[in-house]
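Listed below, chain by chain, are the residues.
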Amino acid sequence: RCRMIWDWAYAFEILPQMAAASLVTLQVTVFGFALAAVLGLVWAVVSLLEIPVVSFMVRLLIEFIRTTPLLIQLFAMYYFLPLVGIFLPAMLCGVLALGIHYSAYCAEVYRSGFSQVDRGQWEAAKVINLSTGLTLKRIILPQAIPPIILPLGNYFVTMFKETPVLLAITVIELVATARIIGNDTFRYTEPITLAGVFFLILSLIAAKLTRMASKRAALPGSQVY
């Protein structure tokens, strides 16, 4: 006879602990994505304005971040910064590493949004003596942002699924909690399965909210698929 490997009583017993860990994962993702969205916009705007030397250095930085693994960047920030006197808590380090890493990808998304705005609108703004800041705020961004909400939302979901990498610097998120519970009880099926279920549910919710935001912000005449 086959022994049943799933214990519902045990699963319900560890459910509160897994739920609390999912909040840590969500918190890291939200703060990391907020940083990525802001930094990505800064990188994209600096690149767009073609500032001598600065724009080139920003593009170089973006390529460096995109072509090096997140885990290496995480290790560098957590283990190398203390060598120069900068000590960061694991949680903050994880948020910064995720945010900086994904800011490079968000920058490319913003760039694609900017490219969809007719270049003639920049010229028209110059004719009426609008500053660069006002041109971006009132003319360019309102047209560039709505079409890219979905791609940005996809990166949010991707970042959410990348949070287990923070286990490498001792951040006790969802997968780390599942492993700790498994190590303590020698039962891995329930905690690992629950971790997967939490990732699935939260990812589906994030995807749904992203689509709703995209439809709400869509420009007249545009379609959201």
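Scroll up to find the structure.
Worth saying up front: this structure is predicted, and the values here are computed from it rather than measured.

**Q** Could you give an account of the side chain of S55, with specific residues and numbers?
**A** Within the fold, S55 resides in helix 2 (residues 54-66). Sequence-distant contacts of S55, that is, excluding residues within four places in its chain, are made with V46, S47, L49 and E50.

**Q** Outline the state of the cysteines, listing residues and values.
**A** Two cysteines whose sulfur atoms are joined by a covalent bond form what is called a disulfide. All told, the structure shown has zero disulfides when counted by the stated rule. Residue C93 stays outside any disulfide, its sulfur separated by 19 Å from that of C106, the closest cysteine. On the basis of relative accessibility, which here comes to 0%, the residue C93 falls in the buried class.

**Q** A description of the environment of H101 should follow, citing residues and the corresponding values.
**A** Among the structural elements, H101 can be located in helix 4 (residues 90-115). For H101, a relative accessible area of 5% translates into the label buried. For the pair H101 and P69, spaced 32 residues apart in the sequence, the C-alpha separation amounts to 8.8 Å.

**Q** Now, about the packing of helix 4 against helix 7 (residues 149-162): what can you tell me, with residues and values included?
**A** A pair of packed helices can be characterised by two numbers: the angle between their axes and the separation between those axes. In contact at an axis separation of 10 Å, helix 4 and helix 7 are set at 160 degrees when each is read in the N-to-C sense. The orientation of helix 4 with respect to helix 7, classified from their angle, is roughly antiparallel. Where helix 4 crosses over helix 7, the two elements pack in a sense that is right-handed. Together, L98, Y102, Y105, C106, V109 and Y110 of helix 4 and P151, L152, Y155, T158, M159 and E162 of helix 7 make up the contact between the two elements. In terms of residue class, the contact of helix 4 with helix 7 is built from 10 nonpolar, one polar and one charged.

**Q** Tell me what's going on with the packing of aromatic side chains, and back it up with residues and numbers.
**A** Considering all chains together, one arrives at nine aromatic pairs under this definition. Look at Y102 and Y105: their rings are 5.8 Å apart centre to centre, the planes differ by 45 degrees, and that puts the pair in the tilted class. With Y102 and Y105 both in helix 4 and three residues apart, this pair spans about one turn of that helix. Take Y102 and Y105: they sit in the same class, and that class is buried.

**Q** Just give me the short version of a nonpolar patch on the surface, but keep the residues and values in it.
**A** A surface patch of nonpolar side chains, amounting to about 630 Å² of accessible area, comprises L49, I51, V53, V54, F56, M57 and L60. Per element, the largest residue contribution to the nonpolar patch is four residues, and it comes from helix 2. By secondary structure assignment, the location of L60 is in helix 2. Given a relative accessible area of 46%, L60 falls into the partly exposed group.

**Q** Before we move on, could you go through the pattern of salt bridges and cite the residues and values that matter?
**A** Under the defined criterion, the tally for this structure stands at three salt bridges. The salt bridge partner of E50 is R59, with a shortest N-O separation of 3.6 Å. A salt bridge links E190 to R187, with the shortest nitrogen-to-oxygen separation between them at 2.5 Å. For E190, a relative accessible area of 1% corresponds to the buried category. Given the relative accessible area of 24%, R187 is considered partly exposed.

**Q** I'd like a rundown of the environment of R187, residues and numbers included.
**A** Take R187: it is sitting in the loop between helix 8 (174-185) and helix 9 (189-217). A sequence separation of 181 residues divides R187 from W6, and the C-alpha atoms of the two residues are 9.3 Å apart. Of note is the side chain of R187, whose polar atom sits 3.0 Å from the backbone oxygen of I5. Only 2.5 Å separates the side chain of R187 from the side chain of E190, close enough to count as a polar contact.

**Q** Quick one: what's the story with the side chain of Q73, residue by residue and with numbers?
**A** Summarising the element assignment, Q73 is placed in helix 3 (residues 70-80). By relative accessible area, which is 14% here, Q73 ends up buried. One polar contact links the side chain of Q73 to the main-chain carbonyl oxygen of I65, over a distance of 3.0 Å. Not counting the four nearest positions on each side in its chain, Q73 is found in contact with F64, I65, T68 and H101.

Criteria and thresholds
Residues numbered from 1 in each chain as written. Predicted model: local features only at pLDDT ≥ 70, side-chain atom pairs only at ≥ 80, totals over all residues. Heavy atoms only, no water. Helix = DSSP H or I, 4+ residues; strand = E, 2+ residues; numbered from the N terminus. Contact = heavy atoms within 4.5 Å. Disulfide = S-S within 2.5 Å. Buried < 20%, exposed > 50% of the residue type's maximum accessible area, 1.4 Å probe, protein only. Axes fitted to C-alpha atoms, helices over the stretch in contact; angles between N-to-C directions. Parallel < 35°, antiparallel > 145°, perpendicular 65-115°, else oblique. Left-handed = near helix turned anticlockwise from the far one by under 90°. Nonpolar A, V, L, I, M, F, W, Y, C, P; charged D, E, K, R; others polar. Phe/Tyr/Trp six-rings, centres within 6.5 Å; stacked < 30°, edge-to-face > 60°. Patch = residues over 30% accessible without salt bridge, like charges linked within 9 Å, V, L, I, M, F, W, Y side chains within 5 Å. Areas by Shrake-Rupley, 256 points an atom, 1.4 Å probe, with all protein chains shown as cover. Salt bridge = Lys/Arg side-chain N within 4 Å of Asp/Glu carboxyl O. Polar contact = N/O pair within 3.5 Å; in protein donor to acceptor, adjacent residues only side chain to side chain.

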